[in-house]
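Listed below, chain by chain, are the residues.
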Amino acid sequence: MKVSTVKKTLALAFAVALVAPLGMGNQVSAKQDSLRQINERPVSALKQGGTFRFVQVDICPNFNTSAIEGNLLNCSQVMDTMLPSFIYFDKNARIQVNTYYATSVKAGRVGGKQVVTYSINPKAKWSDGKKIGLADFVGHWNALKGVDKSFKITSSVGYEKIESVKKGKTANEVAVTFKEIYADWQPLFNGLTPASLTRNSATFNNGWKNGPTVWAGPFKPASGKGARGFIDRVGRTITVERNPKWWGPKPVLDKVVFKALPQAAQIAALLNGEIDYMDIGNDINALKQARESKKLAVRVAKAPVHEHFTFGLSKDITGELAVRQAIMLSIDRDQIAKAIQGIVDPKVKANNNHVFLDGVACNQDNTGKLGKRNIAAAQALLTGAGWSKGADGIYAKGGKRLSVTVKYPSNNDNRRDTVLLASAQAKGAGIELVPTVVPSTEYFTAKHVLGGQFEISLFAWAGGSFPISGVSNIHRLGSPQNFGNIGSAETDALFARANSILDPKKRCELANNADKKQFELVHSITLFQRNNVVGVPKNVANFGAFGFTDGDWTKVGFTK
């Protein structure tokens, strides 16, 4: 999963059936009319050329999106224009093969084992002239399988299940053999990186911090220096331009400029015509202004993104299970959801499942006795754990007050208001939650979120159409994405079992049982699911709210 966003893979091909006898396919069940709003137009109806100005919150710190430091919204947005993807989800949220990179992707059994064969498009080449092929797959697997801990990876989920990566029957075939059944094999190797990046951990961890050195997409890093080049750290922009070596259809746009602006400044820039896109999310003020503008369109779709409070490694107090449970019971999640997201979605409710969000099959309430605010139950837990209410109304034990810092990023009014509201609610139960703002440029760094250096923090997880494999890494003990390392061997075993069988009903049951255990442990406090709400000029075509589907950067442009 990605922090704060859904990673969009490029849909660059005509739909081709994916032969997947060993996979359960995607689990999307959203209604068709809510899948996406992108002003879909044929390329012939668009102006050729132009620059699309795409706003971000910050500059990407590492363009290797498989490295933990590059596991961010702003990094994947840029690299989705330049890296291979072998599958995508079409406008109906159905899985397809991206034939510009692979003529086919097939799963089957060989010698009783699961084997996935990638038939690489012979035209697919890296910018250095090398064909995309076996060496890249082997290097990607070796880096991500989790054996060599010096590779600072985002996740080893799925890759650790692979037994071998070898040449297939032809020079263009890559055969991936699994040790055991792995149901969610389809997204593996999407965002494939070249063998030159994975040759050693030092290169993998640091080689692309200033930009990719090799690419294979419809766009490439812009030539030149400063404002005309790829990265302008003064102007806070990243620019990609048409890749003349691209073997697919010529992109409509000449360039895409990713411009970093604080969240609070983005709506003014959109209204003034300085940018062509804004992720409005649950920014009520921005939504009102965008809806009132005659020049802008607001596009909305159901999305697999949810806000939550999560616990970190700094847990002298929050290391106690009773404390975490009491904090969850002290918060009215429905009230927070309506206050923050209600204007966007009047039917919004608290999210009660870490794994299966609304719009995904298998969604159910897994919160148990912790789902509704219950002050008496929270206080009973604290009393039973040896905490006593002090004269100031806040519980204390051993001379230590039940005071917990809650970090949130600057320049984000909604997250500030979420923390303030939760703090006021928790105080009614005798728990002090201390709002602690962190500069947005530092928030997703090792100093704070990515290093687990917090007691509680607020951000969003973004999932996709393979929630079981994606979410399991967030809850697995020892995983770099399980920031507070809250979990159990039992939970890990349930997720592992769900990832190793094919029966959809049984997979859902196992994953939901794992999720129930994580709610009991209060791994995190789920708040609400965010809709994909974006603002764009009305003449922007083939771009907007993608929801559970994927976009195609070659078709993005402006109507004539």
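So, here's what we can say about the structure.

Quick notes on the rules
Residues numbered from 1 in each chain as written. Predicted model: local features only at pLDDT ≥ 70, side-chain atom pairs only at ≥ 80, totals over all residues. Heavy atoms only, no water. Pairing = 2+ DSSP bridges. Helix = DSSP H or I, 4+ residues; strand = E, 2+ residues; numbered from the N terminus. Axes fitted to C-alpha atoms, helices over the stretch in contact; angles between N-to-C directions. Contact = heavy atoms within 4.5 Å. Disulfide = S-S within 2.5 Å. Buried < 20%, exposed > 50% of the residue type's maximum accessible area, 1.4 Å probe, protein only. Parallel < 35°, antiparallel > 145°, perpendicular 65-115°, else oblique. Left-handed = near helix turned anticlockwise from the far one by under 90°. Nonpolar A, V, L, I, M, F, W, Y, C, P; charged D, E, K, R; others polar. Phe/Tyr/Trp six-rings, centres within 6.5 Å; stacked < 30°, edge-to-face > 60°. Lys NZ or Arg CZ within 6 Å of the ring centre and 35° of its normal. Core = buried A, V, L, I, M, F, W, Y, C linked by side-chain atoms within 4.5 Å. Salt bridge = Lys/Arg side-chain N within 4 Å of Asp/Glu carboxyl O.

Taken in spatial order, the four strands make up an open sheet running S6-S7-S9-S8, and their pairing is antiparallel. The open sheet has two edge strands, strand S6 (102–110) and strand S8 (162–167), and neither has a second partner. For this sheet, the mean angle separating the axes of adjacent strands, direction not counted, is 15°. Sheet analysis places S8 next to strand S9 (residues 173–178), joined by five bridges and oriented antiparallel. By the bridge assignment for S9, lysine 166 is matched with alanine 175. On the sheet, helix H2 (residues 134–144) packs against strand S7 (113–120), S8 and S9 and is oriented at approximately 165° with respect to S8.

Under the counting rule described, the total for this entry stands at two disulfides. Residue pairing for cysteine 60: its cysteine sulfur links by disulfide to cysteine 75, the two sulfurs lying 2.2 Å apart. Where cysteine 60 bonds to cysteine 75 through sulfur, the torsion about that S-S bond is close to 105°, and the disulfide is right-handed. You can see cysteine 60 sitting in the loop between strand S3 (51–56) and helix H1 (73–79) and its partner cysteine 75 sitting in helix H1, a full 15 residues away along the chain. A relative accessible area of 2% places cysteine 60 in the buried class. Taking the relative accessible area as the measure of exposure, cysteine 75 reaches 0% and is therefore buried. Each sulfur in the disulfide pair cysteine 362 and cysteine 508 lies 1.7 Å from the other. Remark: cysteine 508 occurs in helix H13 (residues 504–521) and cysteine 362 occurs in the loop between helix H7 (333–341) and helix H8 (375–384); sequence separation between them is 146 residues. Residue cysteine 362 is classed as partly exposed on the basis of its relative accessible area, which comes to 21%. Disulfide partners in the chain, listed by the sequence order of the bonded cysteines, are 1-2, 3-4.

Attention now moves to the packing of helix H12 (residues 489–498) against H13. Any two packed helices are characterised by how steeply their axes cross, that is the angle between the axes, and by the distance between the axes. Where H12 contacts H13, the two axes come as close as 8 Å, and the packing angle between them is 160°. Judged by the inter-axis angle, H12 sits roughly antiparallel to H13. Handedness of the H12/H13 crossing: left-handed. Contact residues: Glu490, Thr491, Leu494, Phe495, Arg497 and Ala498 in H12; Arg507, Leu510, Ala511, Asn513, Ala514, Lys517 and Gln518 in H13. Looking at side-chain class alone, the contact of H12 with H13 contains six nonpolar, three polar and four charged residues.

Turning our eyes to something else, we now look at the sheet that holds strand S24 (residues 557–559). A sheet is described by the order of its strands in space; here three strands give the open sequence S2-S24-S23, paired in antiparallel fashion. Two strands close off the open sheet at either side, each with one partner strand: strand S2 (46–47) and strand S23 (540–541). Relative to S24, S23 is paired through two bridges, and the arrangement is antiparallel. Looking at S24, one finds that alanine 541 is bridged to glycine 557.

For the structure on display, the rule yields 32 aromatic pairs. Considering the side-chain rings of phenylalanine 54 and tryptophan 553, the 6.1 Å spacing of their centres and the 50° angle between planes classify their relative orientation as tilted. Of this pair, phenylalanine 54 sits in strand S3 while tryptophan 553 sits in the loop between S23 and S24, and the two are 499 residues apart along the sequence. Look at phenylalanine 54 and you get buried, because its relative accessible area is 4%. Here the aromatic residues Phe86, Tyr100, Tyr101, Tyr118, Phe137, Tyr159, Phe189, Trp246 and Trp247 are joined through ring pairs into a cluster of three or more. The side chain of lysine 145 reaches across the aromatic face of tryptophan 141, ending 4.1 Å from its centre.

The geometry of helix H6 (residues 321–330) relative to H13 is characterised by a closest axis approach of 8 Å and an angle of 95° between their N-to-C directions. The angle between H6 and H13 falls in the class roughly perpendicular. Facing Leu321, Arg324, Gln325 and Met328 of H6, the residues of H13 in contact are Phe519, Glu520 and Leu521. Here the residues of the contact of H6 with H13 are counted per class, giving four nonpolar, one polar and two charged.

Ranked by internal contacts, the top residues of the largest apolar core, which has 133 residues, are Phe52 and Phe189. By residue number, the principal contributor to this core is strand S22 (residues 524–537), which donates six residues. When neighbours within four sequence positions are excluded, phenylalanine 189 is seen to be in contact with Pro84, Phe86, Tyr118, Phe137, His140, Trp141, Tyr159, Ile162, Val165 and Val176. Core analysis: the next-biggest nonpolar cluster, separate from the first, contains 16 residues, Leu35, Ala93, Phe495 and Phe548 among them.

Moving on: the pattern of salt bridges. Tallying each qualifying case throughout the model produces 24 salt bridges. Across the salt bridge formed by glutamate 307 and arginine 415, the nearest N and O atoms sit 2.7 Å from each other. Of this pair, glutamate 307 sits in strand S15 (residues 296–311) while arginine 415 sits in helix H9 (residues 413–427); the two residues are 108 residues apart in sequence, bridging distant segments of the chain. Each member of the pair, glutamate 307 as well as arginine 415, is classed as buried. The residue glutamate 509 makes a salt bridge to lysine 506 at a minimum N-O spacing of 3.8 Å. Taken as a pair, glutamate 509 and lysine 506 lie in helix H13 at a separation of three residues, close to a single helical turn. Judged by relative accessible area, which is 40%, glutamate 509 ranks as partly exposed. Salt bridges here are not isolated pairs; linked through shared partners, they connect Asp279, Glu307, Arg415 and Arg530.

Any link to function would need more than the numbers given here.
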